[in-house]
Amino acid sequence: MVYQVQIIIKPLEQIANPEGQAIERALAALSFSTIDSVRVGKVINFNIRAVDSSEAHELTQAICNKLLVNPVMQYSEISITAVAD
Amino acid sequence: MTSSIKIVTFPGTNCEHDVLKQIQYLQGDAELIWHQETNLGSCSGVILPGGFAHGDYLRPGAIARFSPIMDEVIKFAESGGPVLGICNGFQVLTECGLLAGALSINNGLRFICKTLPCILETTQSVLTSAGQVGKELLLPVNHGEGNYICDDQTLDYLKENDLIVLTYAADINGSIDRIAGIRNKAGNVVGLMPHPERAVDPLLGYTDGQILLQSFINAAK
């Protein structure tokens, strides 16, 4: 099976996020005054071949642990959708 | 073959020649080594210089950490060999787990390119053994992601074990406790964000980096 994977990498809540703060200031300057708590992360998409969604999840988690996410400052949310046999 | 300090060059590294010239200026033996090599050869020390290894894609140091030479660098460090990471090299050392914590984007998003006062915090490292605790050093700083972060437990560990090597005299980038450089417990692995190699030859205007690189050369004998 082929699965479409999306990984959202976010900065840990306790870590300052200066990109989010800069965007928040820009939005305020544009009179979007009801916006707060802007945080900027990263989205990574790829396709993965696996026997089932459980294996796809396991592989994706291993990829996150090995390379994509630094747990000192980030965490990830994984979503997996089957796209082809 | 005489043993020498190996200066690792990744694609995107841009300070390797500065480091090489200044090690030579201080009468040290050094040579460049390409990141695809799998053998450090006759090696007395390793320096990971500054730059943007692998374009800094994903996170600074995250991809460089998996360059073939890094397995050898890690083995060399674990056997007690002196290893120094400068700026991007510091980021690589945290990514590969030889040093604690991580380097995040500067508070205020500003890329800092200034010569700034730093405080030497310990002499228990291969970078600072010839220095004096409390001594102020003027060192060139040149980074966009030098904001040192770690959890409270790691910070306590750093403090309890005297692992903070260098601090900025003032907060410049949001680094916890103004940390500019740290070491491992054994003191043979050190990472710092400022560039000592840009403050060696008096021709460049500053010389406070001499004591740091001289310490490293002494350790690499």
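1. Examining empty space enclosed by the protein
Link 1 in the chain: Applying the stated criterion across every chain, the model contains 1 cavity of 30 Å³ or more.
Link 2 in the chain: Approximately 40 Å³ is the volume attributed to the largest cavity.
Link 3 in the chain: If you trace the largest cavity, you find it lined by A:Met73, B:Arg59, B:Pro60, B:Gln91, B:Thr94, B:Glu95, B:Ala102 and B:Leu103.
Link 4 in the chain: Counting only elements with at least two residues in the lining of the largest cavity, the list comes to helix H3 (88–95) and strand S5 (102–104) of chain B.
Link 5 in the chain: In terms of residues, the lining of the largest cavity owes the most to one element, H3(B), which gives 3 residues.
Link 6 in the chain: Of the residues that constitute the lining of the largest cavity, the class distribution is 4 nonpolar, 2 polar and 2 charged.

2. Quick word on the nonpolar core
Link 1 in the chain: Among the nonpolar cores identified, the biggest contains 66 residues, and B:Val46, B:Ile47 and B:Leu84 are the most heavily contacted of them.
Link 2 in the chain: Top element by residues in this core is helix H2 (residues 69–78) of chain B. It accounts for 6 residues.
Link 3 in the chain: Ignoring any residue separated from it by four or fewer positions in sequence, one finds B:Leu84 in contact with B:Val46, B:Ile47, B:Leu48, B:Leu93, B:Leu127, B:Val190, B:Leu192, B:Leu213 and B:Phe216.
Link 4 in the chain: Residues A:Tyr3, A:Ile44, A:Ala50 and A:Leu68 belong to the second largest nonpolar core, which totals 14 residues.

3. Structural notes on the pairing of strand S6 (residues 112–120) of chain B
Residue and element names in this part refer to chain B.
Link 1 in the chain: Judged from the 8 bridges that link them, S6 and strand S7 (residues 136–143) form a sheet pairing that is antiparallel. The residue bridging Cys113 from the neighbouring strand is Asn142, located in S7.
Link 2 in the chain: Pairing geometry for S6 and strand S9 (residues 164–168), over 3 bridges, is antiparallel. Across the sheet, the residue bridging to Leu120 is Leu166, located in S9.

4. Let's talk about the confidence of the model for chain B
Link 1 in the chain: When pLDDT is averaged across chain B, the result is 97; 100% of the residues are at 70 or more.
Link 2 in the chain: What the predictor reports for the complex is a pTM of 0.93 with an ipTM of 0.83.

5. Examining the pattern of salt bridges
Side chains that differ in charge, positive against negative, can pair when their charged atoms come close.
Link 1 in the chain: This model, assessed by the stated rule, comprises 5 salt bridges over all chains.
Link 2 in the chain: Two residues, A:Lys10 and A:Glu77, come together in a salt bridge whose shortest N-O distance is 3.2 Å. Within this pair, whereas A:Lys10 is found in strand S1 (residues 2–11), its partner A:Glu77 is found in strand S3 (residues 74–84), the two being separated by 67 residues in sequence.
Link 3 in the chain: Its relative accessible area of 36% is what places A:Glu77 among the partly exposed residues.
Link 4 in the chain: Its salt-bridge partner being B:Asp177, residue B:Lys159 comes within 2.9 Å of it at the nearest N-O pair. Remark: B:Asp177 occurs in the loop between S9 and strand S10 (179–183) and B:Lys159 occurs in helix H4 (residues 152–160); sequence separation between them is 18 residues.
Link 5 in the chain: On the basis of relative accessibility, which here comes to 46%, the residue B:Lys159 falls in the partly exposed class.
Link 6 in the chain: On the basis of relative accessible area, B:Asp177 is assigned to the partly exposed category, the value being 38%.

6. Thoughts on the pairing of strand S1 (residues 4–9) of chain B
Residues and elements named next belong to chain B.
Link 1 in the chain: Most of S1 sits inside the fold, with 6 of its 6 residues counted as buried.
Link 2 in the chain: Where S1 lies against strand S3 (residues 43–48), 4 bridges are found, and the strand directions are parallel. Directly across from Ile5, in S3, lies its bridge partner Gly45.
Link 3 in the chain: Bridging between S1 and strand S2 (residues 30–34) involves 5 bridges; their strand directions are parallel. Within S2, the position partnered with Lys6 by the bridge is Glu31.
Link 4 in the chain: In this view, the connection linking S1 to its parallel neighbour S2 by way of helix H1 (residues 16–25) has right-handed handedness.

Thresholds applied
- Going along each chain's sequence as written, the residues are numbered from 1 onward.
- Lettering of chains starts at A and numbering of ligands starts at 1, both following the order in which they are written.
- Totals for whole chains, interfaces and linings use every residue, but because this is a predicted model, local features are given only for residues with pLDDT of at least 70 and side-chain atom pairs only at 80 or more, for both listing and counting.
- The side-chain numbers reported here are obtained from all heavy atoms of the structure, hydrogens and water having been left aside.
- Think of a 1 Å grid over the protein atoms and nothing else: a 1.4 Å probe that fits but is trapped marks a cavity, an open set flanked by protein within 12 Å on at least five of seven lines marks a pocket, and residues with an atom within 4 Å of a point count as lining.
- Grid points are joined across faces, edges and corners, and a volume is the space filled by probe spheres set on the points.
- Helix numbers and strand numbers start at the N terminus; a helix is a DSSP run of H or I with at least 4 residues, a strand a run of E with at least 2.
- In this classification, the charged set is Asp, Glu, Lys and Arg, the nonpolar set is Ala, Val, Leu, Ile, Met, Phe, Trp, Tyr, Cys and Pro, and all remaining amino acids, among them Gly, are polar.
- Throughout this description, the term nonpolar core refers to a set of buried Ala, Val, Leu, Ile, Met, Phe, Trp, Tyr and Cys residues connected via side-chain atoms within 4.5 Å.
- Classification of residues uses two cut-offs on accessible area relative to the type maximum, computed with a 1.4 Å probe and protein chains only: under 20% is buried, over 50% is exposed, and between them is partly exposed.
- For this analysis, residues touch if any pair of their heavy atoms sits within 4.5 Å.
- Two strands are said to pair when DSSP picks up at least two bridges between them.
- The quantity known as pLDDT measures the predictor's confidence residue by residue, on a range of 0 to 100.
- For this analysis, a salt bridge means a side-chain nitrogen from Lys or Arg found within 4 Å of a carboxyl oxygen belonging to Asp or Glu.
- Looking down the strands as they point away from the viewer, one classifies a crossover as right-handed if the path from the first strand across the helix to the second runs clockwise.

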